[in-house]
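Structure at a glance
Listed here are the chains, written in short residue letters.
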Amino acid sequence: MNLSLSDLAPPMRWTPPGQVVPLVEEPELPDAWWQAIPLDRACAIVGTQTVAGHLADLAVACWGHLLLGDILPLLRFSDPAEAERTPESLGKDVVQKLFSGVFERLLEPAADMPAAPARPDRPLPELIDALFAAMDDRQRAIARDRLYAGRRATLDELAQRFSVTRERIRQIERDLREHVDNWLGGPEAVPLVAHVAWLRGRLGSAVPADDLAAAVPWHRVELRTLGIPIWRFVRTLLTGYEQADGWLIAGGADELREKTRQLFADGPRPLAEAVAMVSQLGVREDVAERWIASVPQIRVLDEHVVPWPRSINEKTEAVLLVSGQPLSPEEIQDRIGEDYSLVGIRNQLTADDRFRRVDRNKYGLTRWGGDEYLGIREMIAREIERAGGEASVSTIVTNLTSRYDVSESSVRAYAGGPGFERTQRGWIRVAGTSPGGEAEPYQPRRDVSETRRSFRSRDGRWWHRVDVNAEHLRGSGSPLPTGFAAYLGMAPGGQLTASTPSGDVVISWHNQPTMGSIRNVLADFKASEGDHVFLTVSDGGELLTRYLPAAPVSLPPLNRALYLIGYTAPVNSELEGLRLIGARIGLPDTATRDEVLARLRERGDRDILGFLGG
């Protein structure tokens, strides 16, 4: 015999030496004896029980969760039932006894064995062909077309071909399996069984299915008796392997994928480190990166392995973590590489507390700290506040242009515009504040909850509905209700600049609040007359939008009313619909139908009232 212990026990080939050596070191044997000398020589020096005991120690300490048949594949032929147990369920003594039985049987003197018809040096393809050559034509046809076929023939097809019953075909198939199993347990098949044990070590716990055919040249050779490549027969001997999505996987595919995902649950890992981690699961290092790429919900990104859930927010977080520096929405979209719109990514960056806008077009992770970019106007106000209520324009320009991607001319233009006023010494302060910087809040005549076409979402943010018309599409500005403008923090004489991927939108308040052109926003949505756009401005100065095409005319009146508040899901009753509308216009859940209708009248939402029969 020229097989070492590691040839017969595949996990020894991928377990780190630091775990193996303390448990199997033997003073009477050379270093790394488990792979340096044949098993029969090791057993002759220290005894079969000692060798089996070392392997049992290793199985209990390092592989307690593996099936015994995966640790010592020969056990699947000598004791199939026990091969399905685990070391932790049986204990060291029982495991040692099972291993010892396999080794003793394998090392029985040739004189005590039945005479083997095959020569010791007989090529394995000839050995396998000899097995099937002894069968009749019908048995070989069932083996070829059912047991080892790429597309298995059905029992009915075979029964019709041989003019027998389905049960007769089933019986022949069962007898055929038993005959092959008995042959594999005999002395003639020892070289093939050893080859299968070697294969398990070479394949590891997961390998591309094509690797089986390429493992040795003769795997691709056709059996003369069956006319199929030998690897198909060998595949059936790899019990415990599951084929899924082009991979051969030891044990359950779902289980190994979940174990792989758990390795990266705490965040990104460098690819080289990730490959080493995955190899601890028994995946060969040369295929580990391909295995990682095949596992759902993780991904290789910029030489790192990252968790990759379905949420765009979590994907964005992973991209930023790997980058280690702020990125633009365009850069994030490019690195995610999936069908996510730029508008959607910007909205999530603005709405999710995990992200912080740190420059005009850069976002980072909130955990990184640093000042939030609020837009030029708001940052001028922040600089004035930090200076104690007033500051020189030159100082503000220097501070903002050195930290952010903004031009001096833009800062000076905003500083000289509405919202700021000169002090006696030529500095500026926020308009409407006292010299000490204390604001004099503006109180609108109507609160936002009493404002037509303004609706509150579940997160407490108020949105204004724009009903798209020809003027919007041409690029004209449009008035905003006073209550909604005040909700955005505006006051008469003020101006607010909201950024969008297609350019800034300016909201100014002179005689009344007015929103500048949103034609580019509408073009991004391919909006038409009659469509609706719900919009608001985030704390970071982003114009957030949600687009709804015109409602289908077939929609029931209650659903038409809900559509106008931005709610598109079905409802079970009018009571539920009224409760939703009430919540969107600032009423408590306990509001009655009459109270909801009364509030809609006060606000001027006549279109919604019309659909509710009010």
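Small disclaimer: the values here were computed from a predicted structure and weren't measured. (Residues numbered from 1 in each chain as written. Predicted model: local features only at pLDDT ≥ 70, side-chain atom pairs only at ≥ 80, totals over all residues. Heavy atoms only, no water.)

Secondary structure summary: the protein contains 34 helices and 18 strands in total. Computed over C-alpha atoms, the radius of gyration of the protein comes to 37 Å, more than 25% over the 25 Å expected from 2.2 N^0.38 for 614 residues, which places it beyond the range of a compact globule. Taken along its principal axes, the extent of the C-alpha atoms in the protein is 115 × 65 × 45 Å. The buried share of the protein, reckoned over its 614 residues, is 47%. Looking at the protein as shown, the accessible area adds up to about 29,500 Å², and 48% of this sits on carbon and sulfur atoms. Positive and negative side-chain charges in the protein, numbering 72 and 85 respectively, have mean positions lying 6 Å apart. (Helix = DSSP H or I, 4+ residues; strand = E, 2+ residues; numbered from the N terminus. Rg over C-alpha atoms; globule rule 2.2 N^0.38 Å. Buried < 20%, exposed > 50% of the residue type's maximum accessible area, 1.4 Å probe, protein only. Areas by Shrake-Rupley, 256 points an atom, 1.4 Å probe, with all protein chains shown as cover. Lys, Arg positive; Asp, Glu negative; His and termini not counted. Charge placed at Lys NZ, Arg CZ, Asp CG, Glu CD.)

Another aspect to go through is the sheet that holds strand β17 (residues 532-537). With antiparallel pairing, four strands are arranged side by side in an open sheet as β11-β12-β17-β18. Only two strands of the sheet have a single neighbouring strand rather than two, namely β11 (454-456) and β18 (543-548). Sheet twist, expressed as the mean angle between neighbouring strand axes with direction ignored, is 30 degrees. Of the strand pairs in this sheet, strand β12 (residues 462-467) and β17 are connected by four bridges, and their pairing is antiparallel. Residue pairing for β17: H464 is matched across the bridge by L535. (Pairing = 2+ DSSP bridges. Axes fitted to C-alpha atoms, helices over the stretch in contact; angles between N-to-C directions.)

Scanning all chains against the criterion turns up 43 salt bridges. Measuring nitrogen to oxygen at the nearest pair gives 2.7 Å for the salt bridge that ties D156 to R166. Placement of D156 in helix α14 (residues 155-162) and of R166 in helix α15 (residues 166-184) is noted, with a sequence separation of 10 residues between them. For D156, a relative accessible area of 44% puts it in the partly exposed group. A residue is classified by how much of its surface remains accessible, and R166, at 37% relative accessible area, is partly exposed. For the salt bridge of E258 with R261, the shortest nitrogen-to-oxygen distance reads 3.1 Å. One end of the pair is E258 and the other is R261, both in helix α19 (residues 253-263) and three residues apart, which spans about a single turn. Residue E258 is classed as partly exposed on the basis of its relative accessible area, which comes to 33%. (Salt bridge = Lys/Arg side-chain N within 4 Å of Asp/Glu carboxyl O.)

With that out of the way, let us pick up the packing of aromatic side chains. In this structure the tally under the stated criterion is nine aromatic pairs. Each ring, one from W33 and one from W34, has its centre 5.9 Å from the other, and the planes form 80 degrees; the classification is edge-to-face. Assigned by exposure class, W33 and W34 land together as buried. Ring geometry for F484 against Y487: centres 6.0 Å apart, planes inclined by 35 degrees, an arrangement best described as tilted. You can see F484 and its partner Y487 sitting in helix α29 (residues 482-487), three residues apart, about one turn around the helix. Overall, the relative accessible area of 33% leaves Y487 in the partly exposed class. (Phe/Tyr/Trp six-rings, centres within 6.5 Å; stacked < 30°, edge-to-face > 60°.)

Pairing of strand β1 (residues 206-208) with strand β3 (residues 247-250), which is carried by three bridges, proceeds in the antiparallel orientation. If you follow A206 over to β3, its bridge partner there is I249. If you look at the hairpin formed by strand β2 (residues 241-244) and β3, you'll find two residues sitting between the two strands, and D245 has a positive phi there, around 55 degrees.

This brings us to the confidence of the model for the protein. On average, residues of the protein score 88 in pLDDT, and 95% of them are at 70 or above. Confidence drops under a pLDDT of 50 for residues 110-120, and excluding neighbours within four residues, the segment shows nine contacts in the predicted structure. (pLDDT = per-residue confidence, 0-100. Contact = heavy atoms within 4.5 Å.)

With that settled, consider the environment of P22. You can see P22 is positioned in helix α3 (residues 17-24). Exposure remark for P22: the relative accessible area of 59% places this residue in the exposed category. When the C-alpha atoms of P22 and L58 are compared, they prove to be 9.3 Å apart, with 36 residues separating the residues in sequence.

The next subject is the sheet that holds strand β16 (residues 513-515). Within the open sheet, the four strands sit side by side as β13-β16-β15-β14. Their pairing is antiparallel. A single partner strand is all that each edge strand has here, and the edge strands are β13 (478-479) and β14 (495-498).

Here we take up the side chain of S100. Here S100 lies in helix α11 (residues 92-106). Among all residues touching S100, those that are not within four sequence positions of it are T48, Q49 and A52.

In this structure, strand β7 (residues 355-359) lies alongside strand β8 (residues 362-365), joined through four bridges in antiparallel fashion. Its bridge partner lying in β8, D359 is registered against K362. Counted between consecutive antiparallel strands, the loop separating β7 from β8 contains two residues.

The next point concerns the nonpolar core. As a rule of thumb, soluble globular proteins bury nonpolar side chains together. Counting residues in each nonpolar core, the largest one holds 78 residues, and the members touching the most others are F99 and F103. Apart from residues lying up to four places away in sequence, F103 is in contact with L5, L39, T48, V51, A52, L55 and L72. Grouped together as the second largest cluster of nonpolar side chains are 26 residues, L548, Y563, I565 and A591 included. (Core = buried A, V, L, I, M, F, W, Y, C linked by side-chain atoms within 4.5 Å.)

Positive phi is not limited to glycine here, since Q297 has a value of about 70 degrees. Tracing the chain through its elements places Q297 in the loop between α21 (285-294) and β5 (298-301).

A few words now on the side chain of T15. Relative to the helices and strands, T15 resides in the loop between α2 (11-14) and α3. Under the relative-accessibility criterion, T15 is labelled buried at 7%. A distance of 2.7 Å separates a polar side-chain atom of T15 from the backbone oxygen of P11. In terms of polar contacts, T15 uses its side chain to reach the side chain of W63, at 3.0 Å. Contacts of T15, omitting those with residues within four sequence positions, involve V20 and W63. (Polar contact = N/O pair within 3.5 Å; in protein donor to acceptor, adjacent residues only side chain to side chain.)

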